[in-house]
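Each chain is listed here by its residues.
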Amino acid sequence: MNYRGTIHLEDAEILAHEAHAGDQHVLRLRAPKTAALARPGSFVHLSCDHALPMRRPFSIMRSGRDAGWIDILYRVFGAGTALLAQRRPGERLSLMGPIGRPFSIRPERPRPLLLGGGVGIPPMVFLAEEMKADRRYRPIAMMGSEVPFPFKARPSQIMVPGVPASAIAAMPLLDDWGIPSRLSSLQGYPGCYEGYVTDLARSWLEALTEAERGEVEVYACGPHPMLAAVARLARDFGLPCQISLEEFMACAVGGCAGCTVRIQTPAGPAMKRVCVDGPVFAAETVVF
């Protein structure tokens, strides 16, 4: 499917803009065309400020399809996001979206494992919300971050076998949805698993029976080293795995080929564009 046919240009109004620890922000935009078509893994290409000609790509964290809004979580990293952080409710931003190949959800794998790292957390929240609406799925989400999480973690009300008892911190939104979640970090945050999110996931997978592992599919988004580790984890357990890649990009519609990555195809290695051929790829095809 060619997902470029779904892209709209919208004059998006800022409905809310919240600042969180670690120079992170949650931006809610009124963008009804994008909200109606967005799927977990979709992203938008956003003009951060009138003074900055180049747009920036941002993953969609939530989509209020009926109400016409989307949420974006971002961290101030450079000039573009620094300018974006200064924008206020009522202002408008030029937005292109939704862009990209989203995650595929398969009923034959009803026990999804969602892994998010840093700014790779938003697509996992979107995916969890999508699965929440379908009782066939029993997802579990594990999030890792080396800066403070952009929410106030709380002790989970949902027990998770295989996870160390000391790792009890959860994302409140997911807990309220009835979706078990656990947090990991090397920074000593209270209640978090002390280690990498992939190590936490391995502990959970090892506690499953063979039949239960046969119901698992892994979904992940985060920095490349984390995704390489996720791909190895999935390979160790023989699990299907979909990953959403993060790359710098200029046009975001496949024209400039500035976001290409090396992918194994049936015909041999090929360079694929993250913006339109992805951002979601089967983990075993990505050459890290």
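A brief report on the enclosed structure follows. (Residues numbered from 1 in each chain as written. Predicted model: local features only at pLDDT ≥ 70, side-chain atom pairs only at ≥ 80, totals over all residues. Heavy atoms only, no water.)

What follows is about the packing of helix α5 (residues 197-207) against helix α7 (residues 224-237). Closest axis-to-axis distance for the α5/α7 pair is 10 Å, and the angle between their directions is 15°. For the element pair α5 / α7, the angle class is roughly parallel. Once α5 is placed against α7, the crossing between them reads as right-handed. Mapping the contact onto sequence places Val197, Thr198, Ala201, Arg202, Leu205 and Glu206 in α5 and Met226, Ala229, Val230, Leu233, Asp236 and Phe237 in α7. Across the contact of α5 with α7, the residue classes tally to 8 nonpolar, 1 polar and 3 charged. (Axes fitted to C-alpha atoms, helices over the stretch in contact; angles between N-to-C directions. Helix = DSSP H or I, 4+ residues; strand = E, 2+ residues; numbered from the N terminus. Parallel < 35°, antiparallel > 145°, perpendicular 65-115°, else oblique. Left-handed = near helix turned anticlockwise from the far one by under 90°. Contact = heavy atoms within 4.5 Å. Nonpolar A, V, L, I, M, F, W, Y, C, P; charged D, E, K, R; others polar.)

The element strand β7 (residues 92-99) is largely enclosed, with a buried count of 6 among its 8 residues. Of the strand pairs in this sheet, strand β1 (residues 8-20) and β7 are connected by 6 bridges, and their pairing is antiparallel. Bridge assignment links glutamate 13 to a residue of β7, and that residue is arginine 92. Pairing analysis gives 3 bridges linking strand β3 (residues 43-46) to β7, with the strands arranged antiparallel. By the bridge assignment for β7, phenylalanine 43 is matched with isoleucine 99. (Buried < 20%, exposed > 50% of the residue type's maximum accessible area, 1.4 Å probe, protein only. Pairing = 2+ DSSP bridges.)

Ranked by internal contacts, the top residues of the largest apolar core, which has 41 residues, are Leu113, Leu115, Met142, Trp204 and Ile243. Breaking this core down by element, the ones donating at least two residues are β7, β8 (113-117), β9 (140-144), α5, β14 (218-221), α7, β15 (241-244) and β16 (260-265). For this core, the element with the highest residue contribution is α7, accounting for 6 residues. Excluding residues that lie within four positions of it along the chain, methionine 142 makes contacts with Leu113, Leu114, Leu115, Gly116, Val163, Arg182, Val197, Leu200, Ala201 and Trp204. Within the second largest apolar cluster, 26 residues are counted, among which are Leu73, Ile121, Met124 and Leu127. (Core = buried A, V, L, I, M, F, W, Y, C linked by side-chain atoms within 4.5 Å.)

Tracing the chain through its elements places histidine 8 in strand β1. Distance in space between the C-alpha atoms of histidine 8 and proline 98 is 7.0 Å, their sequence separation being 90 residues. Beyond its immediate sequence surroundings of up to four residues, histidine 8 is in contact with Lys33, Leu37, Leu95, Met96 and Gly97.

Another aspect to go through is the packing of aromatic side chains. Scanning the model with the defined rule gives 4 aromatic pairs in all. Pairing phenylalanine 103 with tyrosine 219 gives two aromatic rings, centres 5.7 Å apart and planes at 75°, and the pair type is edge-to-face. Of this pair, phenylalanine 103 sits in the loop between β7 and β8 while tyrosine 219 sits in strand β14, placing them 116 residues apart in sequence. In this structure, phenylalanine 103 and tyrosine 219 share a single accessibility class: buried. Ring centres of phenylalanine 149 and tyrosine 189 lie 6.4 Å apart, and the angle between their planes is 70°; this geometry places the pair in the edge-to-face category. (Phe/Tyr/Trp six-rings, centres within 6.5 Å; stacked < 30°, edge-to-face > 60°.)

Across its 14 residues, α7 extends 20 Å between first and last C-alpha, which sits within 8% of the 20 Å expected from 1.5 Å per residue. For α7, every residue scored as buried is listed here: Met226, Leu227, Ala228, Ala229, Val230, Ala231, Leu233 and Ala234. Summarising the contacts, the buried residues of α7 are in contact with β8, α5, β14 and β15. Count one or two residues on from α7 and you reach glycine 238, which has phi positive near 65°. (Expected span 1.5 Å × (residues − 1).)

On to the pattern of salt bridges. Per the stated rule, a full pass over the model turns up 16 salt bridges. With a closest N to O distance of 2.7 Å, aspartate 71 and arginine 28 form a salt bridge. Of this pair, aspartate 71 sits in strand β6 (residues 69-75) while arginine 28 sits in strand β2 (residues 24-30), and the two are 43 residues apart along the sequence. A relative accessible area of 25% means that arginine 28 is categorised as partly exposed. One salt bridge connects glutamate 129 with arginine 62, and the closest N-O pair in it is separated by 2.9 Å. Of this pair, glutamate 129 sits in helix α3 (residues 121-132) while arginine 62 sits in strand β5 (residues 62-64), and the two are 67 residues apart along the sequence. The exposure classification of glutamate 129 matches that of arginine 62, with both residues buried. It is possible to trace a salt-bridge network through shared partners that takes in Asp49, Arg87 and Glu91. (Salt bridge = Lys/Arg side-chain N within 4 Å of Asp/Glu carboxyl O.)

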